[in-house]
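Architecture at a glance
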Amino acid sequence: WRVRTRLKFHNLPELQDLLGLCWDRVDPRKAGGKRPAIVGERMRVVETEGSEELRAYTRELADRAEQVKKRAVDPSEDNMLKITHDGRVASVFNGVPSEMWPTNRVTKLDACAREVWDLYCHSDEASGVQLVFCDLFTPKAGSGEDAASLTSAEQFAQQGVYGVLRDKIVSAGVLPREVAYVHDAASDEERAELFRRANAGEVRVLIGSTARMGLGVNVQRRAYAVHHLTVPWRPDWLDQANKRVDRDGNTMDAVHIICYPTTGSYDVVLWQMIETKANFVAAIGSGTYGGRTADDIGDLVIDATTAKAIALGDLRVVADPRVAEDHRV
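Residues numbered from 1 in each chain as written. Predicted model: local features only at pLDDT ≥ 70, side-chain atom pairs only at ≥ 80, totals over all residues. Heavy atoms only, no water.

1. Here we look at the side chain of R222
To keep it simple, the criterion reads: Helix and strand assignments come from DSSP, with helices taken as H or I runs of at least 4 residues and strands as E runs of at least 2, each series counted from the N terminus. In this scheme, a residue with accessible area under 20% of its type's maximum is buried, one over 50% is exposed, and one in between is partly exposed, where area comes from a 1.4 Å probe on protein chains only. Positive: Lys, Arg. Negative: Asp, Glu. His and the chain ends are not part of the count. We define a salt bridge as a contact between a side-chain nitrogen of Lys or Arg and a carboxyl oxygen of Asp or Glu at a distance within 4 Å. We define a polar contact as two N or O atoms separated by no more than 3.5 Å, with the added condition that, inside protein, one atom must be a possible hydrogen donor and the other a possible acceptor, whereas residues neighbouring each other in sequence contribute only through side-chain atom pairs.
Residue position: R222 is located in the loop between α7 (210-213) and β7 (223-228). Of the side chains bearing the opposite charge, E202 lies closest to the buried R222, which forms no salt bridge; the N-O distance is 8.6 Å. Of the polar contacts made by the side chain of R222, one reaches the backbone oxygen of A126; its length is 3.0 Å.

2. A word on the pattern of salt bridges
Counted according to the given criterion, the structure contains 18 salt bridges. Between R35 and D246 there is a salt bridge; the shortest N-O distance is 3.9 Å. Here the residue R35 occupies a position in the loop between α1 (12-22) and β2 (37-38), and D246 occupies one in the loop between α8 (235-242) and β8 (254-259), the gap between them amounting to 211 residues. Exposure remark for R35: the relative accessible area of 22% places this residue in the partly exposed category. Here R197 ties to E202 by a salt bridge, and the two come within 3.9 Å at their closest N and O atoms. Judged by relative accessible area, which is 26%, R197 ranks as partly exposed. Relative accessible area serves as the criterion here: at 37%, E202 is assigned to the partly exposed category. Here the salt bridges share partners, and the residues they tie into one network are R64, D78, K82 and D86.

3. Remarks on helix α10 (residues 304-312)
For the record, the criterion: Should any heavy atoms of two residues lie within 4.5 Å, those residues are counted as being in contact.
For α10, the complete set of buried residues consists of A304, T306, A307, A309 and I310. As for α10, its buried residues are in contact with α2 (52-69), α3 (80-93) and α9 (267-286). G313, located one to two residues past α10, shows a positive phi value of around 75 degrees.

4. With respect to the packing of aromatic side chains
Selection rule: Within 6.5 Å between ring centres, the rings of Phe, Tyr and Trp (the latter by its six-membered ring) count as paired, and their orientation is classed by plane angle as stacked under 30 degrees, edge-to-face over 60, tilted in between. As a reminder, the over-ring test applies to NZ of lysine and CZ of arginine, requiring each to be within 6 Å of the ring centre and within 35 degrees of the ring normal.
According to the stated counting rule, one finds 4 aromatic pairs in the structure shown. Residues F93 and W101 carry aromatic rings whose centres are separated by 5.1 Å and whose planes lie at 45 degrees to one another, so their mutual orientation is tilted. F93 gets classed as buried once you look at its relative accessible area, which sits at 0%. Note on W117 and Y120: the rings are 5.3 Å apart at their centroids and 20 degrees apart in plane angle, and the pair reads as stacked. Separated by 3 residues within a single helix, W117 and Y120 lie in helix α4 (residues 108-122), roughly one turn from each other. A connected cluster of aromatic rings, assembled from ring pairs, spans F93, W101 and F137. R166 extends its terminal NZ or CZ atom over the ring of Y181, reaching a point 5.5 Å from the ring centre.

5. Details of the packing of α2 against α3
Worth spelling out the cut-off: All axes are obtained by fitting lines to C-alpha atoms, using only the stretch in contact for helices, and the reported angles, taken between N-to-C directions, cover 0 to 180 degrees. Comment on the angle field: the value is read as roughly parallel under 35 degrees, roughly antiparallel over 145, roughly perpendicular from 65 to 115, and oblique elsewhere. Only Asp, Glu, Lys and Arg are considered charged in this grouping, and only Ala, Val, Leu, Ile, Met, Phe, Trp, Tyr, Cys and Pro are considered nonpolar; every other residue, Gly among them, is considered polar.
With their axes 10 Å apart at the nearest point, α2 and α3 run at an angle of 175 degrees to one another. On the basis of the axis angle, α2 is roughly antiparallel to α3. Residue-level inspection shows L54, Y57, L61, R64, A65 and V68 of α2 in contact with α3, the latter providing M80, K82, I83, D86, G87, A90 and S91. Class assignment for the residues of the contact of α2 with α3 results in 8 nonpolar, 2 polar and 3 charged.

6. Points about the side chain of Q220
Counting through the fold element by element, Q220 comes out in the loop between α7 and β7. With a relative accessible area of 16%, Q220 lands in the buried category. Non-local contacts of Q220, meaning those with residues more than four positions away in its chain, are made with N199, R244, R247, D248, G249, N250 and T251.

7. Observations regarding α8
Put simply, the rule is: Picture the helix axis, draw a direction to every C-beta atom, and the arc is the one those directions span.
Along α8, the residues that are buried comprise P235, L238, A241 and N242. On an axial view of α8, the arc spanned by its buried residues comes to 125 degrees, and they lie on one face. Where the residues of α8 are buried, they touch β4 (129-133), β7, β8 and α9.

8. Comments concerning the confidence of the model for the protein chain
Note the threshold: As a per-residue measure, pLDDT tells how confident the predictor is, with possible values from 0 to 100.
A residue-level look at the protein chain finds 85% of positions with pLDDT of 70 or above and a mean pLDDT of 85. Confidence drops under pLDDT 50 across residues 319-329; counting only partners more than four residues distant or on other chains, this segment forms 18 contacts.

9. Some words on the environment of Q159
Secondary-structure assignment places Q159 in helix α5 (residues 152-172). Separated by 22 residues in the primary sequence, Q159 and Y181 have C-alpha atoms spaced 9.8 Å apart. Among the polar contacts made by the side chain of Q159, one reaches the side chain of Y181 at a distance of 2.9 Å.

The structure is reproduced here in structure tokens:
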């Protein structure tokens, strides 16, 4: 065990008073207008059990992190940011990342496809629209076009995880014409047409990255659910993504916000970190933070100690008990 000191914020009540001199704080739910309720009043967690391949790979990541910590490897070859990225990718594959999609194990994409189909059926009468956020393996331009002539490897190289998820959603029962990638709308005119189709209920599932679909996407008229396949790097990205459904002008009475961690992967810790930061930022922004001090947990990059804790399956070293109990992860 080693003592670690984090950046600490002091005198937070005074900080909030100072911000109150130049900020007008308005609670959106009390400022008029009509916003839909969030089912369960918070983000719902749908877990996927980590495979033995994932757990073995996570132990390899811990060994790499130990080498980085000892400075036994050049930073240009390996570093904690790269290890964190590899851990995020492994959580999607539920095992060792590769250039081909694994067909021998269940992944979070299977869980997401089931949820999308279930919510598709429940919102069918109102033509509810669902947004799926994935920041890894984004597709290349034109990947939404017919790829029947491509091999499996070529199709995965072109469409990435998006194509795999699209196939699973279509296999569940969603019509192919009702699934779209936001990345295929390159120009402002194409984006406007895509959003018009979503607001009209012609596109029922919209897949995109947080950067491309978290801001400036006005599809709230029938927005019914947000699915997070990956963990956003910043709390404001998470908030903006969720605001695609949690906003005025939505005709739905209630909306769903869902995340998909893979147990035994980096997902669990990263979700705890991003939600801790998001809750802190939201409390300061609204002037409701009750403490005098707060710790900054830093960037969402796993350190060597945390990598080892994840590999051992003992998250007490990193988990906030309140978050762990509340989120069941």
